[in-house]
Amino acid sequence: MGRKSRHRISVTGTALMELKWTGKALSDVARLYEFLATVNQSAAVHTVQQLIAAPGTLLANPRIGERLEEFDPRDVRRILIGHYELRYEIQHSTIYLLRLWHTREHR
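Keep in mind it's a predicted model, so treat the numbers as computed, not measured. Sequence order as written defines the numbering, with residues in each chain counted from 1. Only residues with pLDDT of 70 or above have their local features reported here, since the model is predicted, and side-chain atom pairs are shown and tallied only from 80 upward, although totals for entire chains, interfaces and linings are computed over all residues. Only hydrogens and water are set aside when side-chain values are computed; all heavy atoms of the structure are taken into account.

Asker: With reference to specific residues and values, describe the packing of helix 1 (residues 23-37) against helix 2 (residues 41-53).
Answerer: Helix axes are fitted only over the stretch in contact, all axes being lines through C-alpha atoms; the angle between N-to-C directions runs from 0 to 180 degrees. Working definition: helices are DSSP H or I runs of at least four residues, strands are E runs of at least two. Numbering for both runs from the N terminus. As a packed pair, helix 1 and helix 2 sit with axes 8 Å apart at the nearest point and diverge in direction by 155°. In terms of their interaxial angle, helix 1 and helix 2 are classed as roughly antiparallel. Here the hand of the crossing between helix 1 and helix 2 comes out right-handed. Of the residues in helix 2, those touching helix 1 at Val29, Leu32, Tyr33, Leu36 and Ala37 are Gln41, Ala44, Val45, Thr47, Val48, Leu51 and Ile52. Residues belonging to the contact of helix 1 with helix 2 are distributed by class as follows: ten nonpolar, two polar and no charged. The labels follow the angle: roughly parallel below 35 degrees, roughly antiparallel above 145, roughly perpendicular from 65 to 115, and oblique for the rest. Should the near helix be turned anticlockwise from the far one by less than a right angle, the crossing is left-handed, and should it be turned clockwise, the crossing is right-handed. Contact between two residues is taken to exist if any of their heavy atoms lie within 4.5 Å; hydrogens are not considered. Charged means Asp, Glu, Lys or Arg here, nonpolar means Ala, Val, Leu, Ile, Met, Phe, Trp, Tyr, Cys or Pro, and polar covers whatever is left, Gly included.

This is how it looks when you write it as structure tokens:
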């Protein structure tokens with residue numbers, strides 16, 4: 001859980017996009033796991049695996065998420081993964097995964 005994850009993929013045959021988890025996003029994943037594991041450890045593992053795998057789809061289509069205008073001029077976007085919200089930022093050929101939380105949390 002504490003390791004940083006990186007993925008690269010060619011988009012439209014030109015540039016390689018890279019996916020980087022920020023420390024805060026990794027802390028969010030760990031926090032969610034710890035919370036869920038107290039109730040059901042196997043469900044916690046399954047949920048975390050889904051949350052970690054889902055951002056991989058951004059490599060092929062990084063602008064699929066809703067753009068959050070309040071962060072202009074930065075290109076910060078959000079996607080929903082089930083009941084979880086993931087915020088990410090596109091900078092050149094890098095997608096930074098910023099934060100992740102359950103939609104019932106007050107953020």
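Read on for the rest.
Asker: Describe the environment of Arg87, and please don't skip the residues or the numbers.
Answerer: Relative to the elements of secondary structure, Arg87 occurs in strand 5 (residues 84-91). Considered as a pair, Arg87 and Ala25 are 62 residues apart in the sequence and their alpha carbons are 8.9 Å apart. When neighbours within four sequence positions are excluded, Arg87 is seen to be in contact with Leu68, Phe71, Arg77, Arg78, Tyr96, Leu97, Leu98, Arg99 and Trp101. Here a polar contact means two N or O atoms within 3.5 Å. Within protein one must be a hydrogen donor candidate and the other an acceptor candidate, and residues neighboring in sequence count only if both atoms are side-chain atoms. Here the side chain of Arg87 touches Glu85 through a polar contact of 2.8 Å, side chain to side chain.

Asker: Can you lay out the pattern of salt bridges for me, pointing to particular residues and giving the numbers?
Answerer: What counts as a salt bridge is simple: a side-chain nitrogen of Lys or Arg found within 4 Å of a carboxyl oxygen of Asp or Glu. This model, assessed by the stated rule, comprises eleven salt bridges. Of the charged contacts in the structure, one is a salt bridge between Glu66 and Arg78, with a shortest N-O distance of 2.9 Å. Highlighted residues: Glu66 in strand 3 (residues 66-67) and Arg78 in strand 4 (residues 75-81), separated in sequence by twelve residues. Judged by its relative accessible area of 24%, Arg78 is partly exposed. With its nearest N and O atoms 2.8 Å apart, the salt bridge here joins Arg77 to Asp75. In this scheme, a residue with accessible area under 20% of its type's maximum is buried, one over 50% is exposed, and one in between is partly exposed, where area comes from a 1.4 Å probe on protein chains only. By relative accessible area, Arg77 is classed as buried at 10%.

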